[in-house]
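# Understanding the architecture of this molecule
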Amino acid sequence: MSKSKVLFIVRSYGVDAPIGIRFKNIIKYLTDEYDVHILAYDYMNERTKTGAVKLHLLQYSFLSKILNKNYFFSQYKNTIFGKAMGLLNIIVRKWMYPDDFIIEKNKIINKVIELNEKYNYRVVIGAAYPFTMFEIGQELKKNELGFKWIVDIGDPFAENSTHNFTKSGKIKAEKYEESNLSFSDAIVVTNLITKKMYKNKYKTLDSKNIVIIPQGTDLIEDYGNHNSGSHGLKLIYAGVFYPQLREPYQLFKAIDECKEKVRLDIYGQPNIYGVKNDKIKFRGRVSHEEIFNAYNSANVLVFIDNAFGLQSSGKIFELISMKKPILFISDNINSPTLELIGEHNFIIQTKNNASDIKIALENIEQEKNKFVFDFNMETVSWEERARRYRKLLDELLDEEKK
């Protein structure tokens, strides 16, 4: 009996970023039951190992490359040409809605139609971000191509914490989100709060099959030595900061004021904050593997929660998998991330202000031999996330047979 063919549209499948990591890890558990295909963009990196998966690659248009100049034209940074591209970026992006991937929309749609004629897919899944994927799904469904359409949403559009919509912009975003998602056969979100928002806010989605499949993590057996016998604390933070949403200034202040031996290494971005403190080192962007090695060298891992919004970070599961104390900095009393993980004594919660962070660090130093790593990692493994995906795919295909 032949396997049902499933196509995933994942723009950045070959990139070491949350969306690429998510689908590479979920898909590897689906190939026994499904004939999995991936439609992605070639980022000029080392070709992704796909195993039993069929990979179909597209090339970015020149304009798209300019709009992603930091990746494709990084060699021109601080040159006249680089500054000219930056100016063009500012001008062009004002006309790109919902994001700059709209330039590639027709190319994606035409490629899916072409592939579907050849392979006859039963299900097609689009990864959003980018949010243009909403619109791509609507166009594909209008073409009546015979497959089920799932949109996998990392974060909602209109309620996205990184968007500074005006009142009229918010209304426009809500209409765009609801009208396009109404064409989906199923919607995948990462937390219960987002599911409830979609059901309550958008009446056309109330009857939709909205499934919660958060990010996951690899099950790591080799890690867990948090240097309990060492003096002082070595903290690791991996990720980026955002103004108002995820700010590091109180953490920097707390580290600066700590009399104890404390060191913080930051991975993911350069020092754009003017920090001049030997206790704080910016290590820049590194590979996913190097970040895990950095985590293993630390005795405290740092997580800064979003101050507001519906997004839940999948990074927390990676941190938990290391079996080390986690400094969980959050001012969000309705944190979607805390809703996902619950309370554990190795997750030390503190508000995002210097005095509270200092107290939390002191408590970690004093209690470092008393942490109990009791989190059931099996429940958040990539294999478990893939099981949920298989269940969703099976349900949609069973509906088709009725």
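For the structure, see preceding data.
Residues numbered from 1 in each chain as written. Predicted model: local features only at pLDDT ≥ 70, side-chain atom pairs only at ≥ 80, totals over all residues. Heavy atoms only, no water.

Our next topic: the overall build of the chain. Along its length, the chain carries 14 helices and 13 strands. Computed over its C-alpha atoms, the radius of gyration of the chain comes to 22 Å, within 12% of the 21 Å expected for a compact globule of 402 residues. Expressed along its principal axes, the backbone C-alpha trace of the chain runs to roughly 65 × 55 × 45 Å. For the chain, the residues scored as buried account for 52% of the 402 residues in total. Intrachain contacts of the chain at a sequence separation of at least 6 include 71% that bridge at least 24 residues. Carbon together with sulfur atoms contributes 49% to the accessible area of the chain, which is approximately 19,500 Å² in total. Computed over 58 positive and 51 negative side-chain charges, the inter-centroid distance for the chain is 4 Å. (Helix = DSSP H or I, 4+ residues; strand = E, 2+ residues; numbered from the N terminus. Rg over C-alpha atoms; globule rule 2.2 N^0.38 Å. Buried < 20%, exposed > 50% of the residue type's maximum accessible area, 1.4 Å probe, protein only. Contact = heavy atoms within 4.5 Å. Areas by Shrake-Rupley, 256 points an atom, 1.4 Å probe, with all protein chains shown as cover. Lys, Arg positive; Asp, Glu negative; His and termini not counted. Charge placed at Lys NZ, Arg CZ, Asp CG, Glu CD.)

Judged by pairing direction, the sheet is parallel, and its 7 strands sit side by side in the order S3-S2-S1-S4-S5-S6-S7 without closing on themselves. If you trace the sheet from one side to the other, it starts and ends with strand S3 (54-58) and strand S7 (209-212), each paired once. Each strand of the sheet is rotated relative to its neighbour by a mean of 20°, with strand direction disregarded. The strands that helix H8 (residues 192-201) touches are strand S5 (148-153), strand S6 (186-189) and S7; relative to S7, the one it contacts most, it runs at about 165°. (Pairing = 2+ DSSP bridges. Axes fitted to C-alpha atoms, helices over the stretch in contact; angles between N-to-C directions.)

Glancing now at a nonpolar patch on the surface. Among the surface-exposed residues, Leu87, Ile90, Ile91 and Trp95 lie close enough to one another that they form a single nonpolar patch of about 500 Å² accessible area. Mapping Trp95 onto the fold places it in the loop between helix H4 (80-93) and helix H5 (105-119). A relative accessible area of 71% places Trp95 in the exposed class. (Patch = residues over 30% accessible without salt bridge, like charges linked within 9 Å, V, L, I, M, F, W, Y side chains within 5 Å. Salt bridge = Lys/Arg side-chain N within 4 Å of Asp/Glu carboxyl O.)

Read from one edge of the open sheet, 6 strands run S10-S9-S8-S11-S12-S13, paired in parallel fashion. Of all the strands in the sheet, just strand S10 (280-284) and strand S13 (347-350) have a single pairing partner and so form its edges. For this sheet, the mean inter-axis angle between neighbouring strands, taken without regard to orientation, is 25°. Relative to S13, strand S12 (residues 326-329) runs parallel, the two being bridged by 4 bridges. Paired with Phe328 across the two strands is Gln349, which belongs to S13. Contacts from helix H9 (residues 249-257) reach strand S8 (233-238), strand S9 (262-267), S10, strand S11 (300-304) and S12, with the element oriented near 150° to S9.

Another point: the nonpolar core. In this structure, Leu235, Leu264 and Leu327 are the most contacted members of the largest nonpolar core, which totals 51 residues. Non-local contacts of Leu327, meaning those with residues more than four positions away in its chain, are made with Leu235, Leu251, Val300, Leu301, Val302, Phe303, Ile348, Thr350, Ile357, Ala360, Leu361 and Ile364. Residues Ile66, Leu181, Tyr198 and Leu205 belong to the second largest nonpolar core, which totals 41 residues. (Core = buried A, V, L, I, M, F, W, Y, C linked by side-chain atoms within 4.5 Å.)

The next thing to look at is the packing of H9 against helix H13 (residues 354-367). One can describe the packing of H9 onto H13 by two numbers: an axis separation of 8 Å at closest approach and a directional angle of 55°. Taken as axis vectors, H9 and H13 run oblique relative to one another. H13 is crossed by H9, and the crossing has right-handed handedness. Facing H9, whose interface residues are Gln250, Leu251, Lys253, Ala254, Ile255 and Glu257, H13 presents Ala354, Ile357, Lys358 and Leu361. Taken together, the residues that form the contact of H9 with H13 break down as 6 nonpolar, 1 polar and 3 charged. (Parallel < 35°, antiparallel > 145°, perpendicular 65-115°, else oblique. Left-handed = near helix turned anticlockwise from the far one by under 90°. Nonpolar A, V, L, I, M, F, W, Y, C, P; charged D, E, K, R; others polar.)

Before going further, it helps to spend a moment on the side chain of Asp100. Along the chain, Asp100 turns up in the loop between H4 and H5. Within the structure, the side chain of Asp100 is placed 2.6 Å from the side chain of Arg93, a separation counted as a polar contact. Setting aside chain neighbours within four positions, we find Asp100 in contact with Leu67, Asn68 and Arg93. (Polar contact = N/O pair within 3.5 Å; in protein donor to acceptor, adjacent residues only side chain to side chain.)

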